[in-house]
Amino acid sequence: MPLANMLVFLLLFFSFSATAQITINQDQIALTQFDTHYYIDESRAQSIGDIQNAPFSSATNRLTLGTNAKTTWVRFALHNSSALKKQLFLHVPEAYHTEQLTLYLISDSNTQIRHSINLENNQAQEMLYGGTAVFPLILLPNERYQVYLKSDVFSHQWFTLAIYDETQSKHALVSENYDIAIMVGMLLALMFYNVILFLSSRKKENIFYALYLVSGTTWIALSYGFLATLFGIYGKSMMHLHLSLLTMPSFLILFMISIFETKRLYPTEHKALMFVLLLLVSDLVFGVFDIIAALKPASSLAAIMIVVTLSVSLSILKKGNPLAKYFLFGHGLFFTFNLLAIGYYKGLLPNTYVTSHGVGIGIMLESFMLAFIISYRIRVLERIEKQQAALQVQANTDPLTQLYNRRYFDQATEAVLTDDTQTCPVCIAIADIDFFKKFNDKYGHQVGDEVLVAFADILQKFTPDNAIVARLGGEEFIIALPNHSESQAFALIDKVRKQIENTTISSHTHDALSITASFGVCEIESLLKPAIINADKALYRAKENGRNQVMPFSTLSEPRLSLQTQ
């Protein structure tokens, strides 16, 4: 054997022996876990000849090396130990984020096959399926091969390798990104819901949360190849979408500022949040001009953001904010999984599903907690509004009869009088239960209260829905009747009077108690107070004339009072 050939043989022999070897001897091939070796080409210019003699390090088919390994070579050996030719396919699912992938298949006879995918060259994308690069590997019977894969990236270096036969390759391509599609769908649903909430409530935290979800969805769809699969977005064309890594924490901080009202309630914590927001926005603006340089400190900024926001939420929790504990729990989950992801992207942690999907998992869990915080806050605000409404009702109603009191009656009637759409007359009726004092003295105050409640129920039941019925005090009541002239009011109130006369009131101590009432009616000319005085005069005349009757003020011989009196 010539010396030169012997040297080549020995070189290949030792090269194979130092390379992770995979033996192919089955019909169905689906290799998703195997050993490899890697080498970082810091010069980014070494040839395949140089690389064959380079010092490789042991690794697996799941590799993450951070930002200082922009050109990385991976090597492993294949041995087709069967007597048949094998057609296999090498999958690189994370190809969408790379700049270029180059594969060399070198046989033990030194035959070399080269495939290259430049993601900026559309013609070279025929081996791209969604975000996955698929390299064909044809293995002759009883042949050994060395596989070298060169990965050039813009920023972070990470990838997974898998080897399949044709059938398994198709199955793998079809089943990719199901989990990411579910994540994206759920986040988009939350986003649309919060946009609707914002349009209805105009609360800033809803729009900040929606924008946080947009950024998170973009990051997940981008980082895990969903955009590449759906829209064919690769390489440099998607680089600026990585700014979502900066917009997402920015909107989260704005959400915190809004939901906790830090500017008003927690000024020290507000300054800390604003400082981190300034750092994020500065890097975001820088990223518009140089995205690759801006992404280098992005992971560190994310770590700073997480530490500051956790500290702020702890501080707010100690100061008694009820929402802080929920935010702290959700953000703690976000912190835990993003810490794993940061370690993964920096090459400090191995490539596993949890580490490689840490950001997505963290975003999902925190998004659910933020949604809970928003719904919890809505419930708190609704409870406060109900309490305020109840207090308002108490302030406006008579506690015994549950009719309006005099203060509310004046306000509501004045509003009707000043309403520009109110063109028809408004009439006032004042009622007084006949001989109520004697009735009260005879049967007792508890029975008297029951009579007042029954009387009030009759007034409400037999007057129009737009009538304003109130208790003036004691046994006196007042009714405002919009769209009623004095004659119309007289006819209506006289029916009410007859209803009272024909009603028996059951008491817990006495049965079949009967009462009557007298009424004075007056149409409002322009001002409320003079009309009340005039109606009261008519009521007084009804009492003088024997009670149990309705007296219109127009039938009196007295002059009509029309000016406001103090």
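Located above this text is the structure these notes cover.
The following paragraphs examine the structure supplied in this document. Each chain carries its own residue numbering, running from 1 in the written order of its sequence. Reporting of local features is limited, given that this is a predicted model, to residues whose pLDDT is at least 70; pairs of side-chain atoms are given and counted only at 80 or more, and all residues count toward the totals for whole chains, interfaces and linings. To obtain the side-chain values, all non-hydrogen atoms of the structure were used and water was disregarded.

Glancing now at unusual backbone geometry. Only a minority of non-glycine residues have a phi that is not negative, and only a minority of peptide bonds are not trans. One non-glycine residue, Arg44, lies in the positive phi region at around 60 degrees. Within the element layout of this structure, Arg44 appears in the loop between strand S3 (35–40) and helix H2 (48–52). One non-glycine residue, Arg547, adopts positive backbone phi at about 70 degrees. Secondary structure is summarised from DSSP: a helix means a run of H or I of at least four residues, a strand means a run of E of at least two, and numbering begins at the N terminus for each. Along the chain, Arg547 turns up in the loop between helix H19 (528–544) and strand S21 (550–552). The buried label applies to any residue whose accessible area, calculated with a 1.4 Å probe on protein chains only, is under 20% of its type's maximum; exposed applies above 50%, and partly exposed to all values in between. Residue classification places Arg547 among the partly exposed positions, given a relative accessible area of 27%.

This part takes up helix H9 (residues 267–289). Taking 1.5 Å of rise per residue, the 23 residues of H9 would be expected to cover 33 Å, and the 33 Å separating its terminal C-alpha atoms lies within 8% of that figure. Taken together, the buried positions of H9 are Glu269, His270, Leu273, Val276, Leu277, Leu280, Asp283 and Gly287. When checking whether two residues touch, look at their non-hydrogen atoms; a contact exists if any pair is within 4.5 Å. Each element contacted by the buried residues of H9 is listed here: helix H7 (244–259), helix H8 (262–265), helix H10 (291–295) and helix H11 (298–318). Here, expected helix span is obtained from the residue count minus one, scaled by 1.5 Å.

Further remarks concern helix H5 (residues 204–223). For H5, spanning 20 residues, the distance from its first C-alpha to its last is 28 Å, which sits close to the expected 28 Å at 1.5 Å a residue. Of all 20 residues in H5, 15 are buried; the element is thus mostly enclosed. Downstream of H5 by a residue or two, Gly225 has a phi angle that is positive, lying close to 80 degrees.

We treat two strands as partners when DSSP finds at least two bridges between them. Within the open sheet, the 5 strands sit side by side as S16-S17-S15-S20-S21. Their pairing is mixed. Sheet topology places strand S16 (468–473) and S21 at the edges, where each strand pairs with a single neighbour. Ignoring which end each strand starts from, the neighbouring axes of this sheet average 20 degrees apart. In this structure, S16 lies alongside strand S17 (residues 476–482), joined through 5 bridges in antiparallel fashion. Each bridged residue has a counterpart across the sheet, and for Gly473 the counterpart in S17 is Glu476. Here helix H15 (residues 406–417) sits on the sheet in contact with strand S15 (426–433), S16 and S17, set at roughly 145 degrees to S16. Axis definition: a line fitted to C-alpha atoms, over the contacting stretch in the case of helices. Angles run 0 to 180 degrees between N-to-C directions.

This next bit is on a nonpolar patch on the surface. On the surface, a cluster of nonpolar side chains totalling about 390 Å² of accessible area is made up of Val281, Val285, Val288 and Phe289. You can call Val281 partly exposed: its relative accessible area is 35%. Like charges are joined within 9 Å and nonpolar side chains (Val, Leu, Ile, Met, Phe, Trp, Tyr) within 5 Å, but only among residues with over 30% relative accessible area and no salt bridge; these make up the patches. We get accessible surface area from the Shrake-Rupley algorithm with a probe of 1.4 Å; when it comes to residues, only the shown protein chains can shield them. Salt bridge criterion: a side-chain nitrogen from Lys or Arg within 4 Å of a carboxyl oxygen from Asp or Glu.

Judged by nonpolar contacts, the single largest core of 68 residues is most densely connected at Tyr212, Phe260 and Ile363. In contact with Ile363, other than residues within four places in its own chain, are Leu187, Tyr212, Gly216, Trp219, Ile220, Met248 and Phe334. Residues belong to a common nonpolar core when they are buried Ala, Val, Leu, Ile, Met, Phe, Trp, Tyr or Cys residues joined through side-chain atoms within 4.5 Å.

As a further point, take the packing of H7 against helix H14 (residues 358–396). Closest axis-to-axis distance for the H7/H14 pair is 13 Å, and the angle between their directions is 20 degrees. With respect to H14, the element H7 is oriented roughly parallel. The crossing of H7 and H14 is left-handed. Across the interface between the two elements, Met248, Leu252, Phe255 and Ile259 of H7 pack against Ile363, Glu366, Leu370, Ile373, Ile374 and Arg377 of H14. Just so you know how the angles are binned, under 35 degrees is roughly parallel, over 145 roughly antiparallel, 65 to 115 roughly perpendicular, and the rest oblique. By definition, any crossing whose near helix is turned counterclockwise from its far helix by less than a right angle is left-handed, and any crossing with a clockwise turn is right-handed.

This part covers the side chain of Thr36. Of note, Thr36 is situated in strand S3. In protein, a polar contact requires one atom able to donate a hydrogen and another able to accept it; more generally it is a pair of N or O atoms within 3.5 Å, and residues adjacent in sequence count only if both atoms are side-chain atoms. Reaching out from Thr36, the side chain makes a polar contact with the backbone oxygen of Thr60 at a distance of 2.7 Å.

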